[in-house]
Amino acid sequence: PIDVCIQADVQENPFVVQSVDETTVFWADNRTSAGNGRQVFMQRFDALGTALLPDNGILAMQVNGNNISYPRAFVAEDNSFIVAMYTAFDIGGGTSGFRVGRVTNTGTNLWSDTTRFCNGPLGPNGGTDYALVSDGDGGAAAFWFNWENNAIYGARLDRNGRMGDF
C-alpha cells in the first residue's frame, strides 16, 4: 500500500480525484496542529504513486467542522480544485454550514475565505447526501438532500466564489 496520511490524529472519509497525470486524495482531518475540529487535507500522487506534496498531506480548506465530515472535490478548468465539506456545527470559531473553497494543486487558497452554500440547518443530511459538480463556467454547483425539510436544494458559486443564479 501507499501511505497517504499516517498522522496520529483522526483522518477519515477520503475522496479521490483522478486526472490524466495524477491522483489527488482529499479527506477530513482532525489533527490538532490545523485547528479545532475537522479540516480538509489533500495529497497528490504521480502515475508511479510518488507523493507530490509533503508527507501526510497539506491543509486544503480550513473548516473547524463537526466530528464527522465528508469532503468532495473536482478539478476546475485552471487545474485548481474546488472543494466542499459540510459542517453541522462550529467548533472553536468555525462557521457551520455547507462550505466550499478553491485551492491550487499546492494548497494555496484562491478565494479569500470558504463560502457557504447554505447555513447549518439547511445542509446535506448527515453531511453525505450531496453532489458537487462544475457549473461549466469556472464555478461549482451543489445539490443536496435535507431531511428536516424533506427537500432537495441546489446552489451555484461563480468562478470567484460568489453566489450566483443557475
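Residues numbered from 1 in each chain as written. Predicted model: local features only at pLDDT ≥ 70, side-chain atom pairs only at ≥ 80, totals over all residues. Heavy atoms only, no water.

Regarding the sheet that holds strand S12 (residues 163-164)
Now for step 1: On the basis of which strands lie adjacent, the open sheet formed by four strands has the order S9-S10-S11-S12 and antiparallel pairing. With one partner strand each, in any of the chains shown, strand S9 (130-134) and S12 form the two edges of the open sheet.
Now for step 2: Two elements, S9 and strand S10 (residues 140-146), share five bridges in a ladder whose sense is antiparallel. By the bridge assignment, Ala131 is partnered in S10 with Phe143. (Pairing = 2+ DSSP bridges. Helix = DSSP H or I, 4+ residues; strand = E, 2+ residues; numbered from the N terminus.)

Describing the pattern of salt bridges
Now for step 1: Evaluation of the coordinates by the stated rule reveals nine salt bridges.
Now for step 2: The shortest N-O distance in the salt bridge between Arg38 and Glu12 comes to 2.8 Å. Pair noted here: Arg38 is in strand S3 (residues 38-46) and Glu12 is in strand S1 (residues 11-18), with a separation of 26 residues, a long-range link. Taken individually, Arg38 and Glu12 each receive the classification buried, so the pair is uniform in this respect.
Now for step 3: A salt bridge links Arg162 to Asp158, with the shortest nitrogen-to-oxygen separation between them at 2.9 Å.
Now for step 4: Its relative accessible area of 14% is what places Asp158 among the buried residues.
Now for step 5: Sharing partners across several salt bridges, the network here consists of Glu77, Asp78, Arg102, Asp137 and Arg159. (Salt bridge = Lys/Arg side-chain N within 4 Å of Asp/Glu carboxyl O. Buried < 20%, exposed > 50% of the residue type's maximum accessible area, 1.4 Å probe, protein only.)

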